[in-house]
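Topology and contacts: notes
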Amino acid sequence: MTQADFVVVANRLPVDHTPDGEGWRRSPGGLVTALEPVMRRAEGAWVGWAGQADVDVEPFEFDGTYLVPVTLSAADVQLYYEGFSNDTIWPLYHDVIAAPTYKRAWWDAYVKVNKRFADAAASVAAEGGIVWVQDYQLQLVPKMLRELRPDLTIGYFHHIPFPAYGLYAQLPWRKQVLEGLLGADVIGFQRVADAGNFARAVRRQLRYETKASGILVPDGDGATRVALAKAFPISIDAESYVELAQKPEIQQRAKEIREGLGNPRKILLGVDRLDYTKGIRHRLKAWGELLEDGRAHVEDATLVQVASPSRERVDAYVQLRDEIEMTVGRINGDHDTTTHTAIRYLHQSYPREEMVALFLAADVMLVTALRDGMNLVAKEYVASRTDNRGVLVLSEFAGAADEMGSALLINPHDIDGLKDAIVRAIDMPAAEQGRRMRTLRKRVREHDVEDWSRGFLEALSVFHERSSSAAAAAEVEAADVDDDAMDAE
């Protein structure tokens, strides 16, 4: 097997089967988009599931990356992925918007599958290499990998929120998960608050000493090592969106979208996975009430809601889709005319080119997440608006709110406040739109995905060359100076 100096471990490979099932194409997901530039430069390896149950696929090369598929059975998918990952961890870590389910069989499957990923990563990583583990499906991999390959430098990035201790403490396997994550040298989070929640959980559950961003982790025989836990806000490949937005055919497509909607004065847009964390119900309620109150009119404004299919075999998602589609039908039935519609609902996924055309067509972008690690759609919209127009309405409970203070920040639970923000966005003068959008675009373009990955990997490189725990501790203290400077900024 090929040995790689740099290995990414994620639940999914960065490719999907082509429609004919005969080949592979790059996946459209946010993680793949975020890591694509890093993998192109590194010519590394990527360990992940190929997306189909009970299918064995041999390792293969794709677009300069060595892909190492991990086989999952149908039972693994049901128990590890749909069960523990998405019906236990996902709702718990998103502030229990939906009730988590705790099943011992799910946990057992999670442990077993995490071990399989760790084994695959250990087999492909070169001596003294770097392994970067991604997200909540694989929280046990860092410790497992360290036990298998103590020569490796291990990073872990947590793409979703990490909950406050009072919620996290509900998890029956809370200590095992913390110990799993602390197998990494660097544990990255989206927000400073998430890193703080993690450190508090470590202090309360494991009684380990924490100092600034450093955590002292027992490493056997009375020795300790230092793990770094801090915020590294993820971003996008901003220039790729700028380039698409400037293409004449994309701009023409944006005009066609407006024409297809009856050329309303304003188009509002929501783009989300169909997930209960995204606040789609709150958004629809606010829009429906604005129409009912007469503060908005279908001849004047239309809401386009793209809701990508998600976890369609999980009961909570089936119920959510039914509820949202009933709400859309009721609002449209009450307010549509023969030429205009209140809500254009699209339960589909679209290629990036079509999304950029939608961003250019939309006067107002609604991001109303009840809880979100980051929300890259907010950044994609801003990057696409090369005309410095458009208004971003952004939930303060999305990680993006920490960086994008020039958006209209809202509490999605406050329906009246959300309604007022939507009206303000619709009526915002062009000069104010320009001031806000220029500030937002400057932030997104300066702090893009390369800046994110560079920051994480530079922190990880501190540990890569360490010769002793003491040397690592000294470097972490130096890194904390940068951390404090970032917070002050």
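Residues numbered from 1 in each chain as written. Predicted model: local features only at pLDDT ≥ 70, side-chain atom pairs only at ≥ 80, totals over all residues. Heavy atoms only, no water.

1. A short note on the pattern of salt bridges
Inspection of the entire model under this criterion finds 38 salt bridges. One salt bridge connects arginine 283 with aspartate 272, and the closest N-O pair in it is separated by 2.6 Å. Taken together, the residues arginine 283 in helix 10 (residues 280–293) and aspartate 272 in strand 13 (residues 266–273) connect sequence positions 11 residues apart. Each of the two residues, arginine 283 as well as aspartate 272, counts as buried. Arginine 281 is the partner of glutamate 323 in a salt bridge, and the nearest nitrogen-oxygen pair spans 3.1 Å. Of this pair, glutamate 323 sits in helix 11 (residues 315–335) while arginine 281 is found in helix 10, placing the two residues 42 residues apart along the sequence. Each member of the salt-bridge network shares a partner with another, and the members are Lys285, Glu289, Asp293, Asp416 and Lys419. (Salt bridge = Lys/Arg side-chain N within 4 Å of Asp/Glu carboxyl O. Helix = DSSP H or I, 4+ residues; strand = E, 2+ residues; numbered from the N terminus. Buried < 20%, exposed > 50% of the residue type's maximum accessible area, 1.4 Å probe, protein only.)

2. Notes on the sheet that holds strand 9 (residues 186–189)
Judged by pairing direction, the sheet is mixed, and its 10 strands sit side by side in the order 5-6-4-1-7-8-9-12-11-10 without closing on themselves. Whereas interior strands pair on both sides, the edge strands pair on one side only; in this sheet they are strand 5 (60–62) and strand 10 (210–211). As paired elements, strand 1 (residues 4–12) and strand 4 (residues 45–49) share four bridges and run parallel to each other. The partner of valine 8 across the bridge, within strand 4, is tryptophan 46. (Pairing = 2+ DSSP bridges.)

3. Quick word on the domain arrangement of the protein chain
On domain assignment, one finds that the protein chain holds domain 1 (4–234 + 450–475) and domain 2 (238–446). Computed over C-alpha atoms only, the centres of domain 1 and domain 2 are separated by 31 Å. On the side of domain 2, 24 residues touch domain 1, which itself brings 23 residues to the contact. In total, domain 1 and domain 2 occlude about 1900 Å² of area from one another, counting both sides; carbon and sulfur atoms represent 53% of this. Here domain 1 and domain 2 share four salt bridges between them. Residue arginine 371 is joined to aspartate 95 by a salt bridge in which the shortest nitrogen-to-oxygen separation is 3.1 Å. (Domains from an automatic or database assignment. Contact = heavy atoms within 4.5 Å. Buried area = accessible area lost by both parts, 1.4 Å probe.)

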